[in-house]
Amino acid sequence: MQSTVHINTTQEVDAHAPAGTYYTTGNNSDSKNKAQKFLLDVKETLRVLVEQEDTDGDFQITVNDLGPKTFSVGTADSGGYRKIDIRGTYMLSNLLQELALAKDYGRKHIVLDESRLNENPVDRLSRMIRTHFWDALTRRMDADGLEIICADPKNRSTDNHPRVYVPYDDLDALAYYQKAALDRPHLGIVVERLPENLTPEYVKSINEKPGILALAMTKDPDSGLMRGVPFVVPGGRFNEMYGWDSYFIALGLLIDGRIELAKAMVDNFCYEIRHYGKILNANRSYYLSRSQPPFLTDMALSVYAKLPAADEAQKAANKDWLHRAISAAIREYHTVWMSPPRLDPKTGLSRFRPAGAGIPPETEASHFDHIIEPYARAANLSVSEYMRQYNDGLIHEPQLDDYFLHDRAVRESGHDTTYRYEKRCGNLATIDLNALLYKYEVDVADTIRDIFDDVFMTPDGEVQRAADWAARAKLRRERIDTYLWNEEKGLYYDYDTVLGVQTTYESVTAFWAMWAQCASMDQAERMTSMSLHKFEELGGLVSGTEDSRGIISLDRPNRQWDFPFGWAPHQIMAWRAFENYDMAEIARRLAYRWLYTITKSFVDFNGVVPEKYDVVSLTHKVEVEYGNVGVDFKYVSREGFGWMNASYQIGLSLLNTHMRRALDINLPLIAPDQPLNLIDVANEAVSI
């Protein structure tokens, strides 16, 4: 069979030319004023395109491929007879993506508009997040969603039966999942009821039988059937609802008008607090003892501000919903963060210090081998046998107990892993956690006073008063200033509650104090003038300083939450932090750097949207533990990565017109003091 695609390689194309060389000029058309439509045989065009352009065999077309970077396709108005060349990495990768999406939908032939190939990359990525990525990452804990949600690539146990664990006191959910398992015997689902008291020993006992934890359900008003309340997962191997990821994802959803989905995620958090006692690290059984950084009050208030309120009935329903969310946050505040073992009685500050027993099971098989090996050798046992006996309680080793206490704390912090927390996380009163709890206290005080007229009672009958919560915030702020603020260095540091000293690691989470507005104006200005330059890199904010990380070697490798890596939550928090102190220009500058990094990788690497970046080298290709999630896809990224998607949409909302035009042509900011109006560049972008 003769191919319907003709290849023309007579014209040289620079594979490493700036993306704007090919996607903004209109040179792919016979007439610059006439938009083309292409008639394509999906399967055959895809085959020949990959064969020619994907020279490294990774099912993507990137700047690293050494193909001719030009590909001929037939125009629709000529029935495919007249050929037009598609040129350059960006347009060819877009062609690949559009063909892959057409194949997903079962299309054999398509008419493809040229505008999909030379689409402005900023518009394209934002559109894909809004119309594709959020839906691809949405899950429900119900019969229809079980097959997808039960899959857990982190499960290393010998028991691979999909399991659903249901709270002790949710009998309706238990009956629902038991029926769902009977109705779908091919899935082999095992449904188990959790005990009333979730002890660390019990949680450890089910590590060899891991499963998904039930979340909220609601009755469909039309069909009367029960449906899982939806939520958005981060993506990749993270196929469950995560704690702090969900906050940033919800902010992105609100930008894109997905208010009900963001509201549903708050509802799922309220369910977790009610039935599991905390917002979980994620809804898997091995996370039952572990929480994550608390954001519920700001998340609920952000949703509440967007809820439609057309009439009094709707306003009343919104207030009832907010009451439930704030009540849940109050319970979490007291029982999780202001209780032992997380509360430090001396400083009155809180720590990431979850209860737990044994070795965290969700890591790669060999993750802890280098820790266990010396103990196993001394006991004349293999590493695997030593691990088994230690987990079974047959071996007692206080040093390992202490090591894994801190390891669990690192994972609860969300910053797993970093030299900031090495072998001490559970002892640290961190600036990030205490800034978040200060925000809880202020949010609850403001909500009770401004929305509920200082009349607020939690479901247990406890009366809450704005003045009491304001007093808690005032006291925490004083303690933060006493223990965490360093006047000489103009920065907040963590405090070791065991050693009684400030640590020296410089973390970008110090700016969370400005996000929570517990920093004074003087402190904010000192942080900005004395410390911002330590974290600001070409591609955004780095997690920690290079000096704090220390020397890297074979025996001391990079950690993913250290220099030179940048993460979406750190960027988003900093943008709002600077806005809070009337430093919007800095917020926009930082947002521009981050969006430039995302857009550059998106253009050069087949639409990739990963979990994190090296913001010093401006690359998603990182050599670090755990690698990078969101980069291993075939032909097209179908979901991006949760908080990265959110950061793009939030960041775009901060840019002014000139900055947006500069981003459209992928112009980097070189120096921190580079002018941000970019008028000349913007005008150039418009004229291209």
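K.L.:
Looking at this structure, I do not really get the overall build of the chain. What am I missing?
P.N.:
When helices and strands are counted, the chain shows 25 helices and 22 strands. A compact globule built from 688 residues should have a C-alpha radius of gyration of about 26 Å, and the chain, at 27 Å, falls within 12% of that. Overall, the C-alpha framework of the chain stretches about 75 × 70 × 65 Å when taken along its three principal axes. Out of the 688 residues belonging to the chain, those deemed buried represent 59%. A fraction of 72% describes how many contacts in the chain between residues 6 or more apart in sequence connect residues 24 or more apart. Of the accessible surface of the chain, which amounts to about 28,000 Å², a share of 50% is contributed by carbon and sulfur atoms. Treating the 76 positive side-chain charges of the chain as one cloud and the 99 negative ones as another, the clouds have centres 2 Å apart.

K.L.:
Explain the side chain of aspartate 170 here, please?
P.N.:
By the secondary structure assignment, aspartate 170 is in the loop between strand E6 (163–166) and helix H6 (171–183). It is arginine 274 that comes nearest to the buried, bridge-free aspartate 170 among opposite-charge side chains, at 7.1 Å. Engagement of the side chain of aspartate 170 in a polar contact is seen with the side chain of tyrosine 271, the distance being 2.6 Å.

K.L.:
So what exactly am I meant to see when it comes to the nonpolar core here?
P.N.:
Within soluble globular proteins, side chains that are nonpolar tend to cluster in buried spots. Tyr177, Tyr492 and Phe578 are the most contacted members of the largest nonpolar core, which totals 200 residues. When residues no more than four places from it in sequence are discounted, the contact partners of phenylalanine 578 are Phe511, Met514, Thr528, Leu532, Met583, Ala584, Ile586, Ala587 and Leu590. Grouped together as the second largest cluster of nonpolar side chains are 12 residues, Phe368, Ile371, Ile372 and Ala376 included.

K.L.:
Please clarify how unusual backbone geometry should be interpreted in this entry.
P.N.:
For residues that are not glycine, phi is negative in most cases, and the peptide bond is trans in most cases. Cis peptide bonds are those with omega within 30 degrees of zero, and the linkage from proline 340 to proline 341 qualifies with 5°. Note on placement: proline 341 falls in the loop between helix H11 (312–337) and helix H12 (369–378). For the peptide bond that leads from aspartate 416 to threonine 417, omega is 5°, which places it in the cis range. Examined against the element boundaries, threonine 417 turns out to sit in the loop between helix H14 (398–413) and strand E12 (428–429).

K.L.:
When you look at the packing of aromatic side chains in this model, what are you seeing that I'm missing?
P.N.:
In this description, an aromatic ring pair is defined by two values, namely the gap between the centres and the angle between the planes. As enumerated under the stated definition, the model contains 35 aromatic pairs in all. A cation over a ring is seen here: arginine 193 above tyrosine 168, with NZ or CZ 4.0 Å from the ring centre. For the cation-ring pair, arginine 556 lies above tyrosine 419, with the distance from its terminal atom to the ring centre recorded as 3.8 Å.

What counts, and at which threshold
- Residues numbered from 1 in each chain as written.
- Predicted model: local features only at pLDDT ≥ 70, side-chain atom pairs only at ≥ 80, totals over all residues.
- Heavy atoms only, no water.
- Helix = DSSP H or I, 4+ residues; strand = E, 2+ residues; numbered from the N terminus.
- Rg over C-alpha atoms; globule rule 2.2 N^0.38 Å.
- Buried < 20%, exposed > 50% of the residue type's maximum accessible area, 1.4 Å probe, protein only.
- Contact = heavy atoms within 4.5 Å.
- Areas by Shrake-Rupley, 256 points an atom, 1.4 Å probe, with all protein chains shown as cover.
- Lys, Arg positive; Asp, Glu negative; His and termini not counted.
- Charge placed at Lys NZ, Arg CZ, Asp CG, Glu CD.
- Salt bridge = Lys/Arg side-chain N within 4 Å of Asp/Glu carboxyl O.
- Polar contact = N/O pair within 3.5 Å; in protein donor to acceptor, adjacent residues only side chain to side chain.
- Core = buried A, V, L, I, M, F, W, Y, C linked by side-chain atoms within 4.5 Å.
- Phe/Tyr/Trp six-rings, centres within 6.5 Å; stacked < 30°, edge-to-face > 60°.
- Lys NZ or Arg CZ within 6 Å of the ring centre and 35° of its normal.

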